[in-house]
Amino acid sequence: MKFTPEHEALRKTVRDFVEKEINPHCDEWEEAGEFPIHDIFKKLGNLGLLGIQKPEEYGGMGLDYSYNLVAAEELGTAHCGGVPLAIGVQTDMCTPAISRFGSDELKRTFLAPAIAGDMVGCIGVSEVGAGSDVAGMKTTAKQDGDDYVINGSKMWITNSPKADFICLLANTSDDKPHKNKSLIVVPMNTPGISFSPHLNKLGMRSSETAQIFFDDVRVPQRYRIGAEGTGFMMQMLQFQEERMWGAANVIKALEHCINKTIEYCRERKTFGQPLINNQVIHFRLAELQTEVEALRALTYQACELHVEGKDVTRLASMAKLKAGRLGREVTDSCLQYWGGNGYMWENPVSRAFRDVRLVSIGGGADEIMLGIICKMMGTLPGKQRD
Ligand SMILES: Cc1cc2nc3c(=O)[nH]c(=O)nc-3n(C[C@H](O)[C@H](O)[C@H](O)COP(=O)(O)OP(=O)(O)OC[C@H]3O[C@@H](n4cnc5c(N)ncnc54)[C@H](O)[C@@H]3O)c2cc1C
């Protein structure tokens, strides 16, 4: 991928924002289990950073996905994963389908305020009994006059406690599982919506996560995105950007772990020698940095093809898989070299170890990525390609 001076200017804007507005507060927000999401989003909105790839007509910058990717990568310089995750949900998880397939009314009512930072969004796909198996979800939206009446629940929903709207996947008919789903935008102040207490997570502590319950929640049918029954397809498309975002966002977080570990191993002495002088350690860190560069190349390649309008299901799944696997490897190896200090809760590598663990689970677990890759390689039993 060739970066222009505009890419570099955007990179600097995001990096400066992280250094000034996020990093000084990470420890406090991680401890509190929340951050001032509306304030931070408004500041991001003022800089245009919530609408990099969104149409100018609705307040976006109208740039291509490569700019979005640069911003995702730079957000990885945050010293906690929770705040970037909340931002990624807004830019790359709950708004791409509205932007691509939504009506003008939906775009004016929800997309434009999301871009401006006046509204916080969330994405509701997973359910208690249906995470990997999206097709098996049970939440329904039944037609009643001009409305839908929604019943069911969504589990592990990032941003939900403070969100103004949810982009919700619901069953709108009894047709086959891939043809009976629709994406509907639901304002979170609609009567009948309630929440579990905040979920107590291993990592991503500064982001807020809850289960949402829908009890006869009534929304106009015109809040549906696109045609009825096309929600599964739209969500699968929306997942491509979520997965590239996830891969890009982890790159600098992993480099930060490696760099912090190098610093520590230079200072820390055992047997009269800095730890870094052990070949097993400096070789291992070199190997990990090499792997991070390979992840970067794979992610950039997926992005480049996406910008060209090509189908990147295979490469985006590979990048997401590699990011999850490598995230576990880098944080585990680095933590090891910090010894007892690495095992302490406040340690930066320990935080990354907990935060990055999500990448192998959320937005499609590693095994789901492998299944998609196998399908595209024609190696899934009974599903051979010609
Ligand atoms: C912190 C956090 C934030 C989240 N935010 C959101 C959000 O904002 N919106 C949203 O909709 N969801 C969200 N999720 C949900 C997330 O996407 C799901 O947890 C994920 O898709 C996995 O689903 P599951 O937990 O039901 O695992 P399951 O589907 O029960 O799978 C459990 C494990 O089994 C393995 N597995 C599953 N299927 C297969 C298979 N076919 N072959 C082999 N192994 C398999 C995988 O290792 C998987 O991790 C979030 C989750 C977390 C933890």
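Parameters at a glance
- Residues numbered from 1 in each chain as written.
- Predicted model: local features only at pLDDT ≥ 70, side-chain atom pairs only at ≥ 80, totals over all residues.
- Heavy atoms only, no water.
- Phe/Tyr/Trp six-rings, centres within 6.5 Å; stacked < 30°, edge-to-face > 60°.
- Helix = DSSP H or I, 4+ residues; strand = E, 2+ residues; numbered from the N terminus.
- Buried < 20%, exposed > 50% of the residue type's maximum accessible area, 1.4 Å probe, protein only.
- Lys NZ or Arg CZ within 6 Å of the ring centre and 35° of its normal.
- UniProt positions renumbered as here; feature names shortened; annotations may be inferred.
- Core = buried A, V, L, I, M, F, W, Y, C linked by side-chain atoms within 4.5 Å.
- Contact = heavy atoms within 4.5 Å.
- Salt bridge = Lys/Arg side-chain N within 4 Å of Asp/Glu carboxyl O.

## Topic: the packing of aromatic side chains
In this description, a pair of aromatic rings is defined by centroid distance and the angle of the planes.
So, point 1. Summed over the entire model, instances satisfying the criterion amount to 5 aromatic pairs.
So, point 2. For the ring pair Phe3 and Tyr300, a centre distance of 5.3 Å and an interplane angle of 85° mean the geometry is edge-to-face. Highlighted residues: Phe3 in the segment before α1 (5-22) and Tyr300 in helix α9 (residues 279-307), separated in sequence by 297 residues.
So, point 3. Given the relative accessible area of 27%, Phe3 is considered partly exposed.
So, point 4. Site record: aromatic cluster; members linked through ring pairs are Phe110, Phe165 and Tyr223.
So, point 5. Above the ring of Phe3, the side-chain terminus of Arg11 is found at 5.3 Å from the ring centroid.
So, point 6. One residue, Arg243, lies across the ring of Phe239, its end atom 4.4 Å from the ring centre.

## Some words on the UniProt feature "domain: Acyl-CoA dehydrogenase/oxidase N-terminal" (unreviewed entry) in the protein chain
So, point 1. Per the UniProt record, the feature "domain: Acyl-CoA dehydrogenase/oxidase N-terminal" (unreviewed entry) sits at residues 4-118.
So, point 2. Overall, residues 4-118 shows 67% helix and 0% strand. The separation of its end C-alpha atoms is 30 Å.

## Side note on the UniProt feature "domain: Acyl-CoA oxidase/dehydrogenase middle" (unreviewed entry) in the protein chain
So, point 1. Summarizing the sequence annotation, UniProt attributes the feature "domain: Acyl-CoA oxidase/dehydrogenase middle" (unreviewed entry) to residues 122-217 in the numbering used throughout.
So, point 2. Taken end to end, residues 122-217 is 0% helix and 48% strand, and its first and last C-alpha atoms sit 17 Å apart.

## Considering the nonpolar core
So, point 1. If you look at the biggest cluster of nonpolar residues, it comprises 111 residues, and the most contacted ones within it are Ile22, Phe41, Ile166, Val186, Ile225 and Val330.
So, point 2. If you tally residues by element for this core, the top one is helix α8 (residues 231-267), at 14 residues.
So, point 3. Leaving out residues up to four positions away in the same chain, Ile22 has contacts with Phe17, Trp29, Ala78, Val83 and Ile87.

## Things to note about the pattern of salt bridges
So, point 1. Enumeration over the complete set of coordinates arrives at 31 salt bridges.
So, point 2. With a closest N to O distance of 3.2 Å, Lys252 and Glu74 form a salt bridge. Of the two residues, Lys252 is situated in helix α8 and Glu74 in helix α4 (residues 65-75); the sequence distance between them amounts to 178 residues. The same class applies to Lys252 and to Glu74, which are both buried.
So, point 3. Linking Lys260 and Glu263 is a salt bridge whose minimum nitrogen-to-oxygen distance equals 4.0 Å. Placement of the pair is Lys260 and Glu263 together in helix α8, with a separation of 3 residues, close to one helical turn.
So, point 4. Overall, the relative accessible area of 44% leaves Glu263 in the partly exposed class.

## Details of the environment of Asp332
So, point 1. Tracing the backbone shows Asp332 in helix α10 (residues 313-337).
So, point 2. The class for Asp332 is partly exposed, based on a relative accessible area of 44%.
So, point 3. Taking the C-alpha atoms as reference, Asp332 lies 9.4 Å from Ala352; in sequence the two are 20 residues apart.

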